[in-house]
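Chain by chain, the residues:
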Amino acid sequence: MPYCYYTCDLIPLDLLVHAGYTPRWLGGSLRDPAAPARRDALGVHPMTCPYVTKLVAAADALLGEAPVDEAPVDAAPGVASQGRLAASSDVLVVPGGCDAARRMADLLAATYPDRVRMLPLPRSSGPEVTRTLAADLRRLEDWLRSCLPDEPPRDEPPRDEPQREEPPREAPAGTQSGAAQTDFYAPALDYPSPPRQGGVFVVAGPLTDDSLLRLIEGLGAHVSGLESCTSPDRWRPLAAGPARADPLDYEALAAHLLAVGMCPRRSTAHRRDHLARRLDQSRPSSVIYARQSFCDPGAYDALLVADLAKQRGLPYLEIEVDFPFDANGPLHTRVEAFLEAQLLDEDLLGDLEDDELFDGDAEDVGDGEGADLFAAGSASDGQDDGEGAHEERAS
């Protein structure tokens, strides 16, 4: 089957399969940054978030040149792709979750007409919003079917599409890697170890792997939770989707997307309630926000998370990250210093508790034998003062 690449997991994968495509996350087919760029390669403004910048380059490489039988098979998610892998029926769907994503869709649709489509995503929810999104999903499926070489009737599988050999996919390395895996190229991110309370809660934009979580654990802390569009808490429910139905229940698909996809694009009140609920459930000892540079929704979201952390008395660190994520250099130093400061605070708190315990023991002694000794000493001092006074008057 042909591929339908997608840039954001806020898209029902069941719909893509039902339309006759194999879904693949575009973030798993990034260009090799060391590879020479085409002279006519698409360019974006340098002050655009790195996620959009890298996805534009990946889409341009995939849709721009060689057909599938002349290009090498691209790599697994998170691994750069050397060649151009695109059959004439491969397409790209861009969920329009932010202004940068919508501009990306406009640029790619103008460059590759009839092969790129944007899916409008609302910022709110409700019956009317759900019905509007359901209508957009139905139109998306109709467009996908029209892009196939030989469009089948709606209730029949696609015809005359050559079989394509799927490259092996590397499973996530985390302890939960065997749970709820899909055959689609969804983000391959998992927790290195099960999250537990009292650790670091991480809020982030899209991540390619678990290197930030492994960095935290390598520095002696543990992770209480991850709020990210590529976290397993997000992409697994979205990949699973609602209960299967044939024909597709577009309103159920739309309602599921709106319920699970509580990302920074949503209104401030809904997003704040969602983040507060996650923090209260995970009960962390600190919060780290990994924000993509030049990401406007992320900048506003970081202020929201900082306020929630302050209300709960939690240490907060905001770091600016690239895509793909790189855990080396100054970023490693900042995270290390942040976690060490917390350990130092805990040690100082322990010393203060020890001092209070010591002071309490001293007070107990003063109330007992020490009080008797003090009273006896006071009496003897009074007696001496009296004798001195008699001697002074006699003289």
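Here the structure is a predicted model, which means the values were calculated and not measured.

The rules behind the values
Residues numbered from 1 in each chain as written. Predicted model: local features only at pLDDT ≥ 70, side-chain atom pairs only at ≥ 80, totals over all residues. Heavy atoms only, no water. Buried < 20%, exposed > 50% of the residue type's maximum accessible area, 1.4 Å probe, protein only. Helix = DSSP H or I, 4+ residues; strand = E, 2+ residues; numbered from the N terminus. Salt bridge = Lys/Arg side-chain N within 4 Å of Asp/Glu carboxyl O. Right-handed = clockwise from strand over helix to strand, strands pointing away. Pairing = 2+ DSSP bridges. Axes fitted to C-alpha atoms, helices over the stretch in contact; angles between N-to-C directions. Contact = heavy atoms within 4.5 Å. Parallel < 35°, antiparallel > 145°, perpendicular 65-115°, else oblique. Left-handed = near helix turned anticlockwise from the far one by under 90°. Nonpolar A, V, L, I, M, F, W, Y, C, P; charged D, E, K, R; others polar.

> Can you help me understand helix α5 (residues 211–218) in this one?
Since the α-helix turns once every 3.6 residues, residues separated by three or four places project in the same direction. Where α5 is concerned, the buried positions are S211, L212, L213, L215 and I216. Looking one or two places after α5, you find G220, whose phi comes out positive at around 95 degrees.

> Mind showing me how you'd approach the pattern of salt bridges here?
Side chains bearing opposite charge may pair, as long as their charged atoms lie close to each other. All told, the structure shown has 15 salt bridges when counted by the stated rule. Its salt-bridge partner being K54, residue D322 comes within 3.7 Å of it at the nearest N-O pair. Residue D322 is found in the loop between β8 (316–321) and α10 (330–367), and its partner K54 is found in helix α2 (residues 50–64); the two are separated by 268 residues along the sequence. Judged by its relative accessible area of 29%, K54 is partly exposed. In this structure, the salt-bridge partner of E128 is R131, at a minimum N-O distance of 2.8 Å. Remark: R131 and E128 occur in helix α4 (residues 127–146); sequence separation between them is three residues, near one turn of the helix. The network of salt bridges with common partners includes E227, D233, R234, R271, R278 and D301.

> It is not clear to me how the pairing of strand β5 (residues 200–204) should be interpreted in this structure. Could you clarify?
Remark: a regular strand shows side chains that alternate across the two faces of the sheet. Counting buried residues along β5, five of its five residues qualify, which places the element largely inside the surrounding structure. In β5, alternate side chains face the same way, and those of V200, V202 and A204 on one face and F201 and V203 on the other are all buried. Each parallel crossover has a hand, and for β5 linked through α5 to strand β6 (residues 223–227) it is right-handed. When β5 meets strand β7 (residues 286–292), the two strands line up parallel, connected through five bridges.

> Help me understand the sheet that holds β7 in this model?
What links the strands of a sheet is backbone hydrogen bonding, and the strands pair in either a parallel or an antiparallel sense. With parallel pairing, four strands are arranged side by side in an open sheet as β6-β5-β7-β8. Of all strands in the sheet, those bounded by a partner on one side alone are β6 and β8. Geometrically, the sheet is characterised by an average inter-axis angle of 20 degrees between neighbouring strands, direction not taken into account. Packed onto the sheet, helix α9 (residues 296–311) meets β5, β7 and β8 and runs at close to 175 degrees relative to β7.

> It is not clear to me how the packing of helix α8 (residues 268–282) against α9 should be interpreted in this structure. Could you clarify?
Packed helices, taken two at a time, are described by the angle between their axes plus the distance between the axes. Between α8 and α9, the least distance of the axes is 10 Å, while the angle of their chain directions is 45 degrees. Judged on the interaxial angle alone, α9 and α8 are oblique. For α8 against α9, the interelement crossing comes out right-handed. From α8, T268, R271, R272, L275, A276 and L279 reach across to α9, where they touch D301, L304, V305, D307, L308 and Q311. Class assignment for the residues of the contact of α8 with α9 results in six nonpolar, two polar and four charged.

From the geometry alone we can't say anything about function, so treat these as descriptive.
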